[in-house]
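A structural walkthrough
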Amino acid sequence: MRKLKDPNSFTSWLKESVVNFTEMNAEKQVFTGFVLAILIAAIIRVIEITGGLPSLYEHLLYFPLIFAGLLLGSRIGALAGFMCGLLLSPFSFSESLISGNEIVGGWMLRMVAYTLVATMAGMVAKVIKELSGAEQTAKFKYQGTDLPNINELLKQLESIGHRKGSSPNDLVDIFNFRLQNMDKIQQQIGTEKANELVKQMAVQLKKLLGDQVHVGQTSRNELVGVRSEAEGNSKELQQKIESFLEKPIVIDGVSYQMDSTAGVLRVKKEQLKEDHQKVFDEAQSHAFNAFQKKQQFSFLEQNEAIDQIEEVTFSRQFSEAMKNNDIQLYYQPRLNTNSGYFSVLEVSAKWVHPKRGSMSLEEFKPMIEEASLTQQFTSWIIQRTFKDLRVWQKQKVTIRVAINVTINDIVDPLVLNVLAHELQETKFPAQNINIEVSERALMSLSDKSKRYLERLRSIGCNIIASHFGEGRSTIQSLFVLPVDAVKLSEELVQKATSHSDQKRELASMVKMARSRGLTTIATGINNRAKLLLLKQIGCEELQGSILSKSLKKSEIPWARIR
């Protein structure tokens, strides 16, 4: 029940009384009706015995009739009013006890008044009951799905924390499911169908996690579950939830695949007793971090939370840096040895850190790998690059760009999907996009990633095997992979300038690659000796500080680009 502003006021008392009366079960209503009937009959008997109908007694009859309408509804109240009027009519009293006016027609007016008063009382009770129900729904139900909302879930957590007969060390699971593609689905099928979809997912989650689970909705694209008795280890729970998330939800025979992530926070009941709101906030924060990292499932026990404080702090700081443009894109031109002009701009990034100052990608890369933010960051680089490409398109500038999609030596299908989406949206020529994939990543491609790369290559994108020479693969092993160019590592180039054997090996490698149609690229050209050597052995594209450093957009030498 909602707290009233003035609990001692008559209006407040009356409202609560009426609501309590209308919430009585059927047995109590029948019993109360029976008692009221006896009471009304007794009053009428008193009137008859006293030998008249004083106005005091007549007006007192309105009170039981009002309560009859409030308790039993307008129909039964109207019937009670009609019966009272009939019992006080000339049909029940002798003419000597009723005045002439009453006999003529006054009793009929009284009967109508009794009937109307009881009927109106019943209608008022119905309105109050509906308003009370709407108030409860608005306060504890999510609009549209009628699932428990955040207020109800917090109420459940508080109840679990103060439940008697359980140990303070008993464990409680708080589940958070983020439905990432809910907005898109709602646009396709409409709000009503989307609500049915969420409700069906909540029903299936309850079946999956057990009857003791309370599943509610805290926003349009977020479901939260509270389980009072945690069971099973995290691995079993992960398998169960991931298997569930991979299955489509079926509504009216149509299957919908929900793109969802799940975060689970396991806490002790004593923590809920101390501050259930704080625990709920921690569960939300944990789920949000998992969502940012693109993790389908993330599990955290509260006693492990201290170990993740630094990671969470960095994650938020890094996300804010991208949002506030503290991280900026830089472009390093790549020289074409045949034309003598720069032909490609390779994308990199720098972060102006509030404490550490300006940091290159190589300097802060270990931090984003440790915090599992590589997918988010790589996707951001792709989106920002295409934002710049849109500007250059409007300026009628044609340029090739190279984007490294394997910061952590893993080819993520979701990152490739982001790139494909940007190509589709901008209509930028695919042949002007070079996708750099590290040698290590190419040697461990998943079937899905390989298929995505082949699709991008089929529409014109150039796939570059970068950092070649850092791993153990040979140039021959690249011939069976979907690549168009090989980018030699700085270490390989450095060795060739100081050892004649390494020089002959590198020259042979370049010749073999060119014979198979692969473009050869060398990086780390920081002195004249390397520049002359690589031109001599026929390397087609060169990149390094002696040619050009990484530049801001405003510093790009467009006159030297062809």
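Here goes a summary of the coordinates provided.

Of the regular secondary structure elements, the protein holds 20 helices and 16 strands. By residue count, 45% of the 562 residues in the protein fall in the buried class. Sequence-distant contacts, at least 24 apart, represent 69% of the contacts inside the protein between residues at least 6 apart. For the protein, the exposed area adds up to about 29900 Å²; of that, 52% sits on carbon and sulfur atoms.

Between its terminal C-alpha atoms helix α15 (residues 413-426) stretches 20 Å, which fits the 20 Å expected from 14 residues at 1.5 Å a residue. Looking at α15, one finds that the buried residues are Pro-413, Val-415, Leu-416, Val-418, Leu-419, Glu-422, Leu-423 and Thr-426. Lining the buried residues of α15 we find α14 (374-394), β12 (433-438) and α17 (447-458). One side-chain oxygen of the residue at the start of α15 lies 2.9 Å from the amide nitrogen of Leu-414, identifying that residue as Asp-412. At the exit of α15 stands Lys-427, carrying a positive phi of roughly 60°.

All chains considered together, the criterion is met by ten aromatic pairs. When the ring of Phe-318 is compared with that of Trp-351, the centres are 5.3 Å apart and the planes differ by 80°; the resulting orientation is edge-to-face. Taken together, the residues Phe-318 in helix α12 (residues 309-323) and Trp-351 in strand β9 (residues 342-353) connect sequence positions 33 residues apart. Judged on exposure class, the residue Phe-318 and its partner Trp-351 are both buried.

For the rest of this paragraph, the subject is the layout of surface pockets. The rolling of a water-molecule-sized probe over the atoms marks out the regions of remaining empty space. The computed volume of the largest pocket comes to approximately 960 Å³. Along the walls of the largest pocket sit 38 residues, with Gln-332, Glu-346, Glu-362, Glu-490 and Gln-543 positioned nearest its centre. Every element with two or more residues in the lining of the largest pocket is listed here: β9, α13 (361-370), β11 (400-404), β12, α16 (439-443), β13 (462-468), β14 (485-488) and α18 (490-498). Taken together, the residues that form the lining of the largest pocket break down as eight nonpolar, 17 polar and 13 charged. Here the second largest pocket is characterised by a volume of approximately 790 Å³. Considering every element that reaches the lining of the second largest pocket, the biggest residue donor is α14, with five residues. Residue composition of the lining of the second largest pocket, grouped by class: eight nonpolar, 13 polar and four charged.

Our focus in this paragraph is the nonpolar core. Among the nonpolar cores identified, the biggest contains 76 residues, and Phe-318, Phe-364, Phe-377, Ile-433 and Leu-488 are the most heavily contacted of them. When residues in this core are grouped by element, the largest group, seven residues, is from α14. Sequence-distant contacts of Leu-488, that is, excluding residues within four places in its chain, are made with Phe-468, Val-493, Leu-506, Met-509, Val-510, Ile-521, Ala-522, Thr-523 and Cys-539. In this structure, Phe-175, Ile-185, Ala-202 and Val-215 belong to the second largest nonpolar core, which totals 28 residues.

Turning our attention to the pairing of strand β8 (residues 327-336). Here β8 lies mainly inside the structure; nine of its ten residues are buried. With nine bridges connecting them, β8 and β9 associate as antiparallel partners. By the bridge assignment for β9, Ile-327 is matched with Trp-351. With two bridges connecting them, β8 and strand β16 (residues 541-542) associate as antiparallel partners.

With the rule as written, the count across this model stands at 18 salt bridges. Across the pair Asp-388 and Lys-553 runs a salt bridge whose closest N-O atoms are separated by 3.0 Å. Taken together, the residues span a long stretch of sequence, with Asp-388 in helix α14 and Lys-553 in the segment after β16 at a distance of 165 residues. By relative accessible area, Asp-388 is classed as buried at 6%. One salt-bridge network, held together by shared partners, links Arg-334, Glu-346, Arg-400, Glu-436, Lys-487 and Glu-541.

Our focus in this paragraph is the sheet that holds strand β1 (residues 171-179). The strand order across the open sheet formed by five strands is β2-β3-β1-β6-β7, and the pairing between neighbours is mixed. The two strands at the open ends of the sheet, each matched to only one other strand, are β2 (213-219) and β7 (297-301). This sheet shows a mean twist of 15° between the axes of neighbouring strands, independent of strand direction. Against the sheet, helix α9 (residues 191-209) engages β1, β2, β3 (222-227) and β6 (260-268), with an angle of about 150° to β2. Taken strand by strand, helix α10 (residues 234-246) contacts β1, β3, β6 and β7, and its axis lies near 150° from that of β7.

This part takes up helix α20 (residues 528-536). Residues of α20 that are buried include every one of Lys-530, Leu-531, Leu-533 and Leu-534, and no others. Along the axis of α20, the buried residues cluster in a sector spanning 170°; they form a single face. In α20, the exposed positions angled more than 90 degrees off the buried face are occupied by Arg-528 and Gln-536. If you follow the buried residues of α20, they end up packed against α18, α19 (500-515), β15 (519-522) and β16. Of the residues flanking the end of α20, it is Gly-538, one or two places downstream, whose phi is positive at about 90°.

Here the structure, examined in full by the defined rule, presents two cavities of 30 Å³ or more. Taken as a whole, the second largest cavity spans an internal volume of roughly 30 Å³. If you trace the second largest cavity, you find it lined by Met-201, Phe-244, Leu-245, Lys-247, Ile-249, Met-258 and Ser-260. A class-by-class count of the residues in the lining of the second largest cavity yields five nonpolar, one polar and one charged.

Rules and cut-offs
- Residues numbered from 1 in each chain as written.
- Predicted model: local features only at pLDDT ≥ 70, side-chain atom pairs only at ≥ 80, totals over all residues.
- Heavy atoms only, no water.
- Helix = DSSP H or I, 4+ residues; strand = E, 2+ residues; numbered from the N terminus.
- Buried < 20%, exposed > 50% of the residue type's maximum accessible area, 1.4 Å probe, protein only.
- Contact = heavy atoms within 4.5 Å.
- Areas by Shrake-Rupley, 256 points an atom, 1.4 Å probe, with all protein chains shown as cover.
- Expected span 1.5 Å × (residues − 1).
- Polar contact = N/O pair within 3.5 Å; in protein donor to acceptor, adjacent residues only side chain to side chain.
- Phe/Tyr/Trp six-rings, centres within 6.5 Å; stacked < 30°, edge-to-face > 60°.
- 1 Å grid on protein atoms, 1.4 Å probe; cavity = no way out; pocket = protein on both sides within 12 Å on 5 of 7 lines; lining within 4 Å.
- Points joined across faces, edges and corners; volume = space filled by probe spheres on them.
- Nonpolar A, V, L, I, M, F, W, Y, C, P; charged D, E, K, R; others polar.
- Core = buried A, V, L, I, M, F, W, Y, C linked by side-chain atoms within 4.5 Å.
- Pairing = 2+ DSSP bridges.
- Salt bridge = Lys/Arg side-chain N within 4 Å of Asp/Glu carboxyl O.
- Axes fitted to C-alpha atoms, helices over the stretch in contact; angles between N-to-C directions.
- Arc of directions from axis to C-beta.

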